[in-house]
Amino acid sequence: QVQLVESGGGLVQPGGSLTLSCAASGFTFSASAMRWYRRAPGKGRELVAYISSAGDKTDFADSVKGRFAISRNNTNNTVYLQMSSLKPEDTATYFCHCLQDTQNYWGQGAQVFVSS
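So, a few notes on the structure that sits alongside this text.

1. Examining the pairing of strand S5 (residues 45-51)
Each regular strand carries side chains that alternate between the two faces of the sheet. Sheet topology places strand S4 (residues 34-39) next to S5; six bridges connect them, and they run antiparallel. Each residue of the ladder has a partner; that of Tyr-37, found in S5, is Leu-47. Connecting S4 to the antiparallel partner S5 that follows it, the hairpin turn spans five residues, and Gly-42 within it adopts a positive phi of roughly 75°. In this structure, S5 lies alongside strand S6 (residues 58-60), joined through three bridges in antiparallel fashion. Bridge pairing in S6 places Ile-51 opposite Thr-58. Between S5 and S6, which pair antiparallel one after the other, the connecting turn spans six residues, and Gly-55 there sits at a positive phi close to 80°.

2. Remarks on the side chain of Thr-91
Turning to its location among the elements, Thr-91 is positioned in the loop between strand S8 (78-83) and strand S9 (92-100). Reaching out from Thr-91, the side chain makes a polar contact with the backbone oxygen of Pro-88 at a distance of 2.9 Å. Side-chain polar atoms of Thr-91 contact the backbone nitrogen of Val-114, separated by 2.9 Å. The residues contacting Thr-91, other than those within four sequence positions of it, are Ala-40, Pro-41, Val-112, Phe-113 and Val-114.

Reading the values: the criteria
- Residues numbered from 1 in each chain as written.
- Predicted model: local features only at pLDDT ≥ 70, side-chain atom pairs only at ≥ 80, totals over all residues.
- Heavy atoms only, no water.
- Pairing = 2+ DSSP bridges.
- Helix = DSSP H or I, 4+ residues; strand = E, 2+ residues; numbered from the N terminus.
- Polar contact = N/O pair within 3.5 Å; in protein donor to acceptor, adjacent residues only side chain to side chain.
- Contact = heavy atoms within 4.5 Å.

What is shown is where atoms sit, not what they do.
Take a look at the structure:
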């Protein structure tokens, strides 16, 4: 059974940093591209970061480019989202995601609040 377990959310001041983690199990993690999405209050779901299976290719939404980084450790089956220079508009619930056998799998969501 595919499982994605997120951690690391919380409250941070504008300009601060936070790193989210997603521990994956139940599939061949090293063969799977991974993504982070977010949903802000009153807004639709937004793809914020992508990383290829080997970690050699990444892409970011324009709104976070230069501030966020995505990485993975294929030994401990974890994908990370490193967030810096955080802005109030980054406040959202963040979800890690993978696609396995045409089915979308999601983590439970990690809440990030950026506020003074």
